[in-house]
Amino acid sequence: MARRQAKHITDKQHNKKKVSIDESSLLSPEKGIVVSRFGQQADIADCNFKIIRCFIRKSLDIPVVGDRVIFCRQASSDQGVEKGVINELIERSSLLKRPTPHHGIKPVVANVDFIALLLAPALGFSEMMLDRYLVAAQASELPVWIIFNKWDLLDEVEQVEIKARLKTYQDLNYNIHIISAKQGYGVDEFIAAINGQSLLLAGQSGVGKSTLINRLFPEHKVATSEISETSGLGTHTTTASRLYQLNENSYIVDSPGVREFGLWHLDSNSIKQGFVEIAELSDNCKFRDCKHLNEPKCAVIAAAEAGQVTASRLKNYQYLIQNFEQVNA
């Protein structure tokens, strides 16, 4: 009998050399979760959180970090590295996307319960930046927790000022935590509050995401960096999204830092929905399509004049709406 020729899956890009896997050596299907992805390969954690480097079948949509998958591992390891093949993506409970300048709408992470947005005083606390993130998160129907990091860098007067500014968001029912990842202040309380949920850790470069990851998972020794003295901006230390297991039922995804969260893919209604108090008041406006700029009998403007809507929130909303209309004129 002629010897059966084994089928192989190959990847010519990984490490710039051809690597392959023998499909005839694959074991029974298992469930796993995507920890990180590299081109046409992904690291999958099995039920014991052991990592298997898997090829992605061409027939599948490209998985993202956090995806649950069905995979088959190879019977024998290759130089101590276990390999396998992803056969199926399990239906997602959530998917966060963000726009990129050259690649359209890019999926970022799947199956997280909320976004933990890190802020830091070293970059300057900007309500506009925060509101942009809140609009983007609302479009993905994901709640946001606001995590103010590097609290130890502020003196008492500055701390009082920041707390007063954060109260605007606290009054809108956003979950707020004040921490110092470097000193450990508030970190245990933040972790306890997660309580079996999974989250995406997001924020501008330099806000301390890698420092927080190192405190929680010191065995990974993630590289950290300081704020650039020349630009005043953070430098990127995380180059690819990665999932970390916090406990049996909780995961934290660390994503590459972004200095701006683009909103050009959203329409005006999506921007409005990101300002929850403005969206709620919109039903009381005289005109159904009221933009809350200078229209007569606008309930939102009237509420702002009465102090029921924070001036900075209305100003940021109006800026985003006007910018949207200019771009789409």
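Note that the structure is predicted; figures quoted are calculated from it, not measured.

Moving on: the nonpolar core. Ranked by size, the top nonpolar core spans 32 residues in total, and within it I115, L119, L130, V144, I146, F148 and L200 carry the most contacts. Tallying contributions element by element places helix α1 (residues 127–139) first for this core, with 5 residues. With near-sequence residues (within four places) excluded, L119 lies in contact with F125, M129, L130, I146, I147, F148, N149 and V207. Core analysis: the second largest hydrophobic core is formed by 20 residues, V135, F275, C290 and A299 among them.

Our next topic: the pairing of strand β5 (residues 51–56). Of all 6 residues making up β5, 5 are buried, and the element is well covered by its neighbours. If you look at the hairpin formed by strand β4 (residues 41–45) and β5, you'll find 5 residues sitting between the two strands, and F49 has a positive phi there, around 60°. Two elements, β5 and strand β7 (residues 83–89), share 4 bridges in a ladder whose sense is parallel. Paired with C54 across the two strands is G84, which belongs to β7.

On to the state of the cysteines. The tally for this structure, following the rule as stated, stands at 0 disulfides. C290 provides the cysteine sulfur closest to C285, a residue in no disulfide bond, and the two sulfurs are 4.0 Å apart. A relative accessible area of 10% means that C285 is categorised as buried. Sulfur of C298: no disulfide; nearest cysteine sulfur belongs to C290 and is 3.7 Å away.

Enumeration according to the criterion identifies 12 salt bridges in this entry. Notably, a salt bridge pairs E23 with R57, separated by 2.7 Å at the nearest N-O pair. One end of the pair, E23, is in the loop between β2 (19–22) and β3 (30–38); the other, R57, is in the loop between β5 and β6 (68–73), and 34 residues separate them in sequence. Overall, E23 belongs to the partly exposed group, its relative accessible area being 26%. For R57, a relative accessible area of 23% puts it in the partly exposed group. When the shortest N-O distance is used, the salt bridge between R73 and E82 registers 3.0 Å. Its relative accessible area of 12% is what places R73 among the buried residues. Here E82 falls in the buried class, since its relative accessible area comes to 15%.

Parameters and conventions
Residues numbered from 1 in each chain as written. Predicted model: local features only at pLDDT ≥ 70, side-chain atom pairs only at ≥ 80, totals over all residues. Heavy atoms only, no water. Core = buried A, V, L, I, M, F, W, Y, C linked by side-chain atoms within 4.5 Å. Buried < 20%, exposed > 50% of the residue type's maximum accessible area, 1.4 Å probe, protein only. Helix = DSSP H or I, 4+ residues; strand = E, 2+ residues; numbered from the N terminus. Contact = heavy atoms within 4.5 Å. Pairing = 2+ DSSP bridges. Disulfide = S-S within 2.5 Å. Salt bridge = Lys/Arg side-chain N within 4 Å of Asp/Glu carboxyl O.

These figures come from the coordinates and say nothing about function on their own.
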